[in-house]
Structure formats: structure tokens, C-alpha cells
Amino acid sequence: MDLPIVVGVDGSESSLRAVDWAVDETALRGAPLRLVYASLWERYEGESLAADLGKPSEQVTADDIVRSAVRRARLRRPDVEVSTDVLPEEPEYALVREGRNASALVLGTRGRSGFVEMLLGSVSLTVAAHADCPVIVLRGRHDNQVRAGTRGRVVVGVGEKGTDSAALRFAVQETKLRQATLDAVRAWRCPAYETTDHPLLSGEPARLHEQHAVEVLDKALKEVPAEVHLRRRTVEGPARRVLLDASNEADLLVVGARRNPGHLGLQLGRVAHAVLHHSACAVAVVPEHV
């Protein structure tokens, strides 16, 4: 049986976008959809769903939220198999546990509007840092609608793991499902202490670092299937800035996050942390187990 795609719902606009994305993703994969509401508090204090249901916000319950999400999913894709659950526990723990038997988790940012919408909620951040499966966090819009990908591009940040990268494998899969272009990006920098004022040597350190980036990229991409439309790029600059720039022209940005079984803190690198907070498109954080 195909593992489901799990989406965390809480009635907010960002979770409604997550439902839309998850429904489209299940349709692409032919997988079932599982909608999960988890909270220690039964009532949802918010305006968006309350207005949709015609109830005061204090009367909106967990069951209302789940029923509304199911209705939204079936209106968008009537053929998708949908299951639900309401869990009386902290959403971070519930969703990480759900991820053990999921092909992916899909979450919203949980921001309200303006500046707050730019930042990631604590639930999404914690789940992205601990889940055993890929976590897709919806970003990039400030209404409650998700539209089909219009840019036809998946961006993946290529690290040092080469062909053993789970993030690269996930990006290839998503590219094939979407019949899109895979934009494989390797950032590189020349440390300041390696620069020189000698006119005959000034470009040599930079050239060597760029060449190393090209070699890493070539090695990582050597097993990408020939049918994948692939674009290779090495870009000078911090990886965070390079990937955030690339997100402006993408439907999905894929990054890896190392998982160390002996470490209990947030298991997100600086790059994954930055793109989760500031990407212009959806972000997929894929665990890389060490």
C-alpha cells in the first residue's frame, strides 16, 4: 500500500493552502491523503474558517476544521482517497509521529499576514527539524489559494553527499511527476584569506573553488535519468542567498537536513533554516540520515 501524504490542518489560511498542495501532490503520486488536526485545545480561535462556516470563532471545533478540510480536498480532487484524525495532543509530536508512516508531510507557515506571514511558525519549524520523511512547507502567497505550478521548475541545493543525497532523489522524483525542469544549484565561495593582491594570481583561488563546485555538481548529477530536463548551475555566494534568489523562479525548493540520532535539538542546518523562513516558494526539507 502506498504511504499517505499527511497534511496538518488547523483552520488557518496557511493550512488551507497546505490542503490544496497536498491534494495535488497525492493526485500526482496516486497516493492517499490523510488530514490530521492535533491540539490540546478543542476550540479554534480564528476568523477565516469561522466566516466560511458561518459560526462565531469560539464555536468552531476540531471536527468542524477537519470536515471543512475534507470538503475542500474533495472539491479540488474528487477522486483522491481521504482519511482523517483528530488527536488530543501537541501538534509537533503528533505530526512527527505521523511522518513515520507517511511519504511526506505538508504544512502551512501558520503566519497571519504581512511580516508575520514571512516567518515560520514553531510547529512547522519543529516538524521540519525532526520528521523522518520529507516535509513540505507552503510559502510564497498571502491568500488561501494554491494554484497549479506555473514556473515549471524545481530547485535543489546540491551539497557534498553527491549521488547519495536523499534531497536530490526527492527533487528528481518531484521534477518527473511535474514534467518540470530540475535546477540543480551548487553555491561556492572563495575565503577572504585566500585572495591575493598579486595581479597574476588574483583570479586563481576563485577559479579553483569554482572548479571544485563544478566537480561536486557533476558527480552528484551523474545518475540523474536522461529524461529529466536538467539545468546545472554553480553560483558564487552564500548558499542561503543563492537558494533564496533561485526560489523566486521556482515552484518548489528542495534542501537536505542532516539527521543525527544522538542529537535532541533542532536538526536543521543554517541553509534549511533560512529558506524555511524566507523562501519565495514552497520548501521541501528532506532528511539526510548520517
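Everything numeric in this text was worked out from a predicted model, so none of it was measured. (Residues numbered from 1 in each chain as written. Predicted model: local features only at pLDDT ≥ 70, side-chain atom pairs only at ≥ 80, totals over all residues. Heavy atoms only, no water.)

A.B. asks: For this particular structure, what's the right way to read the environment of Asn 248?
C.D. replies: Mapped onto the elements, Asn 248 comes out in the loop between helix H9 (239-247) and strand S9 (252-259). For the pair formed by Asn 248 and Ala 280, sequence separation is 32 residues and the distance between their alpha carbons is 5.3 Å. Setting aside anything within four residues of it in sequence, one finds Asn 248 in contact with Arg 151 and Ala 280. Only 3.5 Å separates the side chain of Asn 248 from the backbone oxygen of Leu 244, close enough to count as a polar contact. (Helix = DSSP H or I, 4+ residues; strand = E, 2+ residues; numbered from the N terminus. Contact = heavy atoms within 4.5 Å. Polar contact = N/O pair within 3.5 Å; in protein donor to acceptor, adjacent residues only side chain to side chain.)

A.B. asks: Before we go on, may I ask you to explain helix H6 (residues 122-130) in this structure?
C.D. replies: Count 3.6 residues to each turn of an α-helix, and residues three or four apart come out pointing the same way. Of the residues making up H6, those classed as buried are Ser 124, Leu 125, Val 127, Ala 128 and Ala 129. Looking at the packing, one finds that the buried side of H6 touches helix H4 (91-98), strand S4 (104-107), strand S5 (135-137), S9, helix H10 (270-278) and strand S10 (282-289). (Buried < 20%, exposed > 50% of the residue type's maximum accessible area, 1.4 Å probe, protein only.)

A.B. asks: Help me understand the pattern of salt bridges in this model?
C.D. replies: Two side chains with opposite charge may pair up if their charged atoms get near one another. As enumerated under the stated definition, the model contains 18 salt bridges in all. With its nearest N and O atoms 3.3 Å apart, the salt bridge here joins Asp 24 to Arg 77. Placement of Asp 24 in helix H1 (residues 13-29) and of Arg 77 in the loop between helix H3 (62-76) and strand S3 (82-87) is noted, with a sequence separation of 53 residues between them. Judged by relative accessible area, which is 34%, Arg 77 ranks as partly exposed. In this structure, Arg 29 engages Glu 174 in a salt bridge whose closest nitrogen and oxygen atoms are separated by 2.8 Å. Placement of Arg 29 in helix H1 and of Glu 174 in helix H7 (residues 166-178) is noted, with a sequence separation of 145 residues between them. One network of salt bridges, in which partners are shared, links Asp 20, Asp 24, Arg 72, Arg 76 and Arg 77. (Salt bridge = Lys/Arg side-chain N within 4 Å of Asp/Glu carboxyl O.)

A.B. asks: Please clarify how the layout of surface pockets should be interpreted in this entry.
C.D. replies: Think of a ball as big as a water molecule: rolled over the atoms, this probe shows where empty space is left. In this structure, the largest pocket occupies an estimated 810 Å³ of space. Taken together, 32 residues make up the lining of the largest pocket; nearest its centre are Val 158, Gly 159, Ala 239, Gly 256 and Val 271. Looking at the lining of the largest pocket, the elements that each hand over two or more residues are H7, strand S7 (181-188), H9, S9 and H10. Per element, the largest residue contribution to the lining of the largest pocket is five residues, and it comes from S9. Among the residues forming the lining of the largest pocket, the class breakdown is 17 nonpolar, seven polar and eight charged. (1 Å grid on protein atoms, 1.4 Å probe; cavity = no way out; pocket = protein on both sides within 12 Å on 5 of 7 lines; lining within 4 Å. Points joined across faces, edges and corners; volume = space filled by probe spheres on them. Nonpolar A, V, L, I, M, F, W, Y, C, P; charged D, E, K, R; others polar.)

A.B. asks: Before we go on, may I ask you to explain unusual backbone geometry in this structure?
C.D. replies: Peptide bonds are, in most cases, trans, and in most cases residues other than glycine have a negative phi. Here Gln 179, not a glycine, exhibits a phi torsion of approximately 50 degrees, which is positive. Of note, Gln 179 is situated in the loop between H7 and S7. With a relative accessible area of 75%, Gln 179 lands in the exposed category.

Note that all results are geometric; they support no functional claim without further evidence.
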